[in-house]
Amino acid sequence: MSLSKRPAFGPAIVAIAGAIFCALNATQNFDAICITTGCEVFKDISVFGISLWWIGTALFTTLALLNLFKLHTTALILALVAVIIDLGFLLLMVFTAPCVPCLGFAIILFLVFFLQCATLKRRAALVLPIFIVWTLVFTPNIFATVNEEMGTWTIYGEQQPDVQVFFSPSCQACLKLVPKLSQKDSGKIAYYPIAEEDADIEKIFIMQQAIADGSSMYVAFNRAARSSSDSISLPLTTRFKLQWNLFRNKSKLASMGVTRIPVLITNGVPSNLLSNQQTQETKGDVLDFTDDFSGCTDDGNIPCE
């Protein structure tokens, strides 16, 4: 193989960009792109107490210096080893959760490796097998990211509530649960409809219209429960949009292995469950979601209550 005796400015520039990217992530200045659950899973991973982002900063800085000082063989070996190690990390994300900044790191690293191989006259023999394996491992993470960002559709409530309620207008248990929860709505509950029957689509549309007109979830749900779906005619585009939103919610439950509704997901625990016995006796056996919620997070700046 023939190596260039001149500084390789292409891979050096990309490596410098990679070092800046890693440093910004290490100092939490790129949190805006942390849009997936994998960011929370992998952000605290370190080696001997050193964040992986600082290790990435050192890696790209070293690659840039090696290219500027014409040590192309060493830079190529280092880039190849780094890509192989990162393949293991990409595979780990396939079986856990995708991390957008980590995918950005993988792209920059592979680009440095590709440009490094460009100094070889016969680079295809090295690039092609690595590229095939890298693509096979990288692509599932892209699909997982898109699937996660597809998210869920809230018909009523905030995007990050203390309680998430998945329900259907045709579910008998939901007909009892939703009015009880929504009658004393404290703004801490979000509702996610599911269509279990074809008639549910029309009823959910009635609910959606009532909420848009300013009605509470309690009023909208009871209005939809009493209505007749035969009297509603939905425009085709409205029906498709509503079916897509309902499909998003149902896919979310399916991904969690849930087979029955209603489903309640709490972010923490209602404080009344942790209160003293006398307070609990005054409320009987009622689970009160109007109280504050307590719990622990990964953020060390927030006290665990």
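Only a predicted model underlies this, so the values are computations on that prediction, with no experimental measurement involved.

(A) Here's a closer look at the pattern of salt bridges. Under the criterion given, the structure shown has 2 salt bridges. With a shortest N-O distance of 3.7 Å, Glu196 and Lys250 are connected by a salt bridge. Highlighted residues: Glu196 in the loop between strand S4 (189–193) and helix H8 (199–212) and Lys250 in helix H10 (residues 236–255), separated in sequence by 54 residues. Owing to a relative accessible area of 39%, Lys250 belongs among the partly exposed residues under this scheme. Close ionic contact of Arg239 with Glu202 constitutes a salt bridge, the shortest N to O distance being 2.4 Å. Of this pair, Arg239 sits in helix H10 while Glu202 sits in helix H8, and the two are 37 residues apart along the sequence.

(B) Up close: the environment of Met93. Assignment of secondary structure puts Met93 in helix H4 (residues 72–95). The spatial distance from the C-alpha of Met93 to the C-alpha of Gly38 is 7.5 Å, given a sequence separation of 55 residues. Among residues more than four places away in sequence, those in contact with Met93 are Phe42, Pro98, Cys99, Cys102, Leu103 and Asn141.

(C) Local environment of H4. In this model H4 runs 35 Å from its N-terminal to its C-terminal C-alpha over 24 residues, within 8% of the 34 Å that 1.5 Å per residue would give. When we look at burial in H4, the residues that qualify are His72, Ala75, Leu76, Ala79, Ala82, Val83, Asp86, Leu87, Phe89, Leu90 and Met93.

(D) Spotlight on a nonpolar patch on the surface. A contiguous nonpolar patch, built from Phe9, Ile13, Leu65, Leu68, Phe69 and Leu71 and spanning about 630 Å² of accessible area, is present on the exposed surface. Counting only elements with at least two residues in the nonpolar patch, the list comes to helix H1 (9–26) and helix H3 (52–68). Among the structural elements, Leu65 can be located in helix H3. Judged by relative accessible area, which is 43%, Leu65 ranks as partly exposed.

(E) Molecular detail of unusual backbone geometry. The omega torsion of the bond from Ile261 to Pro262 falls at 5°, within 30 degrees of zero and hence cis. Relative to the helices and strands, Pro262 resides in the loop between H10 and strand S5 (263–266). Of note in the backbone geometry, Phe48 takes a positive phi value of approximately 55° without being a glycine. Positionally, Phe48 belongs in the loop between strand S1 (46–47) and strand S2 (50–51). In this structure Phe48 comes out as exposed when scored by relative accessible area, which is 83%. Positive phi, close to 65°, is recorded for Lys70, a residue that is not glycine. Of note, Lys70 is situated in the loop between H3 and H4.

(F) How the structure looks around the side chain of Lys203. Here Lys203 shows up in helix H8. Asp200 provides the closest opposite charge to the buried, salt-bridge-free Lys203, at an N-O distance of 5.8 Å. Setting aside chain neighbours within four positions, we find Lys203 in contact with Pro169, Ala224, Ala225 and Ser227.

(G) Highlighting the confidence of the model for the protein. Confidence in the prediction of the protein, expressed as mean pLDDT, is 83, and 83% of residues score 70 or more. The secondary structure element of the protein with the lowest average pLDDT is helix H11 (residues 277–283), at 51, and the one with the highest is H3, at 95.

(H) Region of the structure containing the nonpolar core. Core analysis: the biggest nonpolar cluster contains 39 residues, and Phe60, Leu63, Leu90, Met93, Phe105, Leu109 and Phe113 have the highest contact counts within it. Elements represented by at least two residues in this core include exactly H1, helix H2 (37–42), H3, H4, helix H5 (100–117) and helix H6 (124–150). Sorting elements by how many residues they give to this core places H5 first, with 10 residues. Non-local contacts of Leu109, meaning those with residues more than four positions away in its chain, are made with Leu59, Phe60, Leu63, Ala82, Val83 and Asp86. Counting 33 residues, the second largest nonpolar core, distinct from the first, contains Val165, Ile204, Ile211 and Leu242.

(I) Up close: H8. The end-to-end C-alpha separation of H8 is 20 Å, in line with the 20 Å expected for 14 residues at 1.5 Å each. Within H8, 10 of the 14 residues are buried, leaving the element largely enclosed by the surrounding structure. Along H8, the residues classified as buried are Asp200, Ile201, Glu202, Lys203, Ile204, Phe205, Ile206, Met207, Ala210 and Ile211. Looking at the buried positions of H8, the neighbouring elements they touch are strand S3 (163–167), S4, helix H9 (217–226) and H10.

(J) A look at the packing of aromatic side chains. What the rule picks out here adds up to 13 aromatic pairs. Aromatic side chains Phe21 and Trp53 sit 5.9 Å apart centroid to centroid with 75° between the ring planes, which places their arrangement in the edge-to-face category. On the criterion of sequence distance, the pair formed by Phe21 in helix H1 and Trp53 in helix H3 is long-range, its members being 32 residues apart. The pair formed by Phe21 and Trp53 is uniform in burial state, with each residue classed as buried.

Basis of the calculations
- Residues numbered from 1 in each chain as written.
- Predicted model: local features only at pLDDT ≥ 70, side-chain atom pairs only at ≥ 80, totals over all residues.
- Heavy atoms only, no water.
- Salt bridge = Lys/Arg side-chain N within 4 Å of Asp/Glu carboxyl O.
- Helix = DSSP H or I, 4+ residues; strand = E, 2+ residues; numbered from the N terminus.
- Buried < 20%, exposed > 50% of the residue type's maximum accessible area, 1.4 Å probe, protein only.
- Contact = heavy atoms within 4.5 Å.
- Expected span 1.5 Å × (residues − 1).
- Patch = residues over 30% accessible without salt bridge, like charges linked within 9 Å, V, L, I, M, F, W, Y side chains within 5 Å.
- Areas by Shrake-Rupley, 256 points an atom, 1.4 Å probe, with all protein chains shown as cover.
- Lys, Arg positive; Asp, Glu negative; His and termini not counted.
- pLDDT = per-residue confidence, 0-100.
- Core = buried A, V, L, I, M, F, W, Y, C linked by side-chain atoms within 4.5 Å.
- Phe/Tyr/Trp six-rings, centres within 6.5 Å; stacked < 30°, edge-to-face > 60°.

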